[in-house]
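# Per-entry structural report
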Amino acid sequence: MIQRTTWSAIGVIAMLISHLVLAQEAAMIAAPDARFEQLFNGGFFLESPAVAPDGSVYFSDLTYSSRSGMQAGHIWRYDPRTGATTIFRSPSGMSNGIAFDMKGDMIVAEGADFGGRRITRTDMQTGRSYILAGLYEGRPFNSPNDLTIDQQGRIFFTDPRYLGHEPIEQPVMGIYRIDADGSVQLVAANVWKPNGIAVSPDQKSLYVVTVGNYNANILKPLLVTGGFSSGVHAYDLLVDGSVRYRKQLVALSATRWGDGMTVDANGNLYVAVSSAAPAENGIYVFSPEGQQLAMLPTPERAINVDFGRGADSTTLYVACEHGLYRIRLLRSGYRPGLP
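Cut-offs used in this document
Residues numbered from 1 in each chain as written. Predicted model: local features only at pLDDT ≥ 70, side-chain atom pairs only at ≥ 80, totals over all residues. Heavy atoms only, no water. 1 Å grid on protein atoms, 1.4 Å probe; cavity = no way out; pocket = protein on both sides within 12 Å on 5 of 7 lines; lining within 4 Å. Points joined across faces, edges and corners; volume = space filled by probe spheres on them. Nonpolar A, V, L, I, M, F, W, Y, C, P; charged D, E, K, R; others polar. Helix = DSSP H or I, 4+ residues; strand = E, 2+ residues; numbered from the N terminus. Phe/Tyr/Trp six-rings, centres within 6.5 Å; stacked < 30°, edge-to-face > 60°. Buried < 20%, exposed > 50% of the residue type's maximum accessible area, 1.4 Å probe, protein only. pLDDT = per-residue confidence, 0-100. Contact = heavy atoms within 4.5 Å. Core = buried A, V, L, I, M, F, W, Y, C linked by side-chain atoms within 4.5 Å. Pairing = 2+ DSSP bridges. Axes fitted to C-alpha atoms, helices over the stretch in contact; angles between N-to-C directions. Salt bridge = Lys/Arg side-chain N within 4 Å of Asp/Glu carboxyl O.

Turning our attention to empty space enclosed by the protein. By the definition in use, this model includes 2 cavities of 30 Å³ or more. Quantified by volume, the largest cavity comes out at close to 350 Å³. Considering the residues around the largest cavity, the lining is formed by 27 residues, among which Ala99, Leu147, Thr148, Thr262 and Asp306 are closest to the centre. Residue composition of the lining of the largest cavity, by class: 18 nonpolar, 5 polar and 4 charged. There is about 230 Å³ of room inside the second largest cavity. Around the second largest cavity sit 21 residues that line it, and Leu62, Tyr64, Asn96, Asn145 and Tyr162 are the ones nearest its centre. Broken down by element, the lining of the second largest cavity gets its largest block of residues, 3 residues, from strand β22 (residues 256-263). Residue composition of the lining of the second largest cavity, by class: 12 nonpolar, 6 polar and 3 charged.

Remark: the centre distance and the inter-plane angle together describe each pair of aromatic rings, the angle taken between the planes. In the structure shown here, the tally under the stated rule is 12 aromatic pairs. A ring pair is formed by Phe40 and Trp76, whose centres lie 4.8 Å apart and whose planes are at 45 degrees; its orientation type is tilted. Linking Phe40 in strand β1 (residues 37-41) with Trp76 in strand β4 (residues 74-78), this pair joins segments that are 36 residues apart in sequence. Each member of the pair, Phe40 together with Trp76, is buried. Ring centres of Phe141 and Tyr176 lie 5.1 Å apart, and the angle between their planes is 80 degrees; this geometry places the pair in the edge-to-face category. Of this pair, Phe141 sits in the loop between β11 (139-140) and β12 (147-149) while Tyr176 is found in strand β14 (residues 174-178), placing the two residues 35 residues apart along the sequence. By relative accessible area, which is 0% here, Phe141 ends up buried.

As a further point, take the confidence of the model for the chain. When the pLDDT values of the chain are averaged, the result is 88; 86% of them are 70 or greater. Here residues 11-23 scores under 50 on pLDDT; set against residues more than four positions off or in separate chains, the count is 2 contacts. Note on residues 214-227: pLDDT is under 50 here. Beyond four places in sequence and across chains, it has 31 contacts.

Most often, soluble globular proteins keep nonpolar side chains buried together rather than apart. One finds Phe36, Tyr270, Ile283, Leu316, Val318 and Leu329 to be the most contacted residues of the largest nonpolar core, which totals 20 residues. The set of elements that each furnish at least two residues to this core consists of β23 (269-275), β24 (282-286), β25 (292-297), β26 (302-307), β27 (315-320) and β28 (323-328). When neighbours within four sequence positions are excluded, Phe36 is seen to be in contact with Ile283, Leu296, Pro297, Thr298, Pro299, Val318, Tyr325, Arg326 and Ile327. Grouped together as the second largest cluster of nonpolar side chains are 16 residues, Val232, Val250, Val271 and Tyr334 included.

This paragraph deals with the sheet that holds strand β9 (residues 129-133). Sheet architecture is open: 4 strands sit in the order β6-β7-β8-β9, paired in antiparallel fashion. With partners counted over all chains shown, the strands left at the sheet margins are β6 (95-100) and β9, one partner each. The mean inter-strand angle of the sheet, taken between neighbouring strand axes irrespective of direction, is 25 degrees. As judged from the 4 bridges shared by strand β8 (residues 118-122) and β9, these two strands associate in the antiparallel manner.

The next thing to look at is the pattern of salt bridges. Two side chains bearing opposite charge may form a pair once their charged atoms approach each other closely. Under the defined criterion, the tally for this structure stands at 16 salt bridges. Across the pair Asp150 and Arg154 runs a salt bridge, and its minimum N-O distance is 2.8 Å. Accessibility expressed as a relative area gives 1% for Asp150, which makes it buried. Between Arg244 and Asp236 there is a salt bridge, with the nearest N and O atoms lying 3.5 Å from each other. The class of Asp236 is buried, set by a relative accessible area of 19%.

Attention now moves to the layout of surface pockets. A probe as big as a water molecule, rolled over the atoms, marks out the empty space that is left. The space that makes up the largest pocket amounts to roughly 290 Å³. As for the largest pocket, its lining consists of 14 residues, of which Asp101, Leu132, Gly153, Ile155 and Ala180 are closest to the centre. In terms of residue class, the lining of the largest pocket is built from 7 nonpolar, 3 polar and 4 charged.

Pairing is antiparallel in the open sheet, where 4 strands are placed in the order β22-β23-β24-β25. Both edges of this open sheet fall to β22 and β25, since each of them pairs with a single strand only. Pairs of neighbouring strands in the sheet enclose a mean axial angle of 25 degrees, with direction left out of account. Sheet topology places β24 next to β25; 5 bridges connect them, and they run antiparallel. Paired with Val285 across the strands is Ala294, a residue of β25.

The omega angle of the peptide bond from Ser90 to Pro91 is -5 degrees, so this bond is cis rather than trans. Assignment of secondary structure puts Pro91 in the loop between β5 (85-89) and β6. In this structure, Ser48 takes a positive phi of about 45 degrees despite not being glycine. Position of Ser48 relative to the elements: it lies in strand β2 (residues 46-51). For Ser48, a relative accessible area of 3% translates into the label buried. Even without glycine at this site, Glu137 takes up a positive phi of about 50 degrees. Within the secondary structure layout, Glu137 lies in the loop between β10 (135-136) and β11.

Right, dumping it as structure tokens:
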């Protein structure tokens, strides 16, 4: 009885320590007075802020052609030195996910709805663009959505389909990898509508957000019971670039759905979450084990996120549905293999 009581007390102490550590982690995400600052407003449906080596913030504007006078997407550029936001590219091929590689070139996931349905690279010195992946096994992709780059320069991207007139020719909504030699590999096809994607700082995990029951025609989740729920999933990322499904880290409620995400230098996940309830819109911060550390409420539906660079590495840029925002945090972002 004494031994059992001792072990029980140790368990309680361990649990209290764990809760204390989590509370300290949460308190260190942002200062109590940290607030979102609006940098741009007037987008149709903004996506994927990406900070370039010079500190400029590029972000996509999904125009949904049938609802916007047959536009086909824009890429905007925000200059933090002047505060000006200008069009960088239009039409954008319905760009969605944007990232910058080790050379400072822009990598873009172009979606469907009169978009390119491909992954492209733009040489930021010459302005020329190149197709990195346009087909898989001879067929167009569904609608490349978001992407991330690992320490070896390999590009991982998700390929769901939410809308667009184009026929769906891929039999799965997959997660793909582009290797240095240009080859494209399907690495996973076991989650429903993969969206946001990120690599952990130790290069051992690949995280993927699934959107679940979502109706792009009305831009909100289908609030029904059953079916697929939105959440965050973890894969083991192996040395050869293959992945092995580990578990679902986070399950979001029926009124919330996740989109883009990023990670900080400690490996915590920052997930942009939208909701049918405005008070639930925000950036949800989770530990690598899936425990919620913080929630940063956004003024509107949160869509995607990215950290700044260098002296600006504690700034989190957030693309909401119509506006671009930033908030100063107490954590630095992580950018695999990039300056």
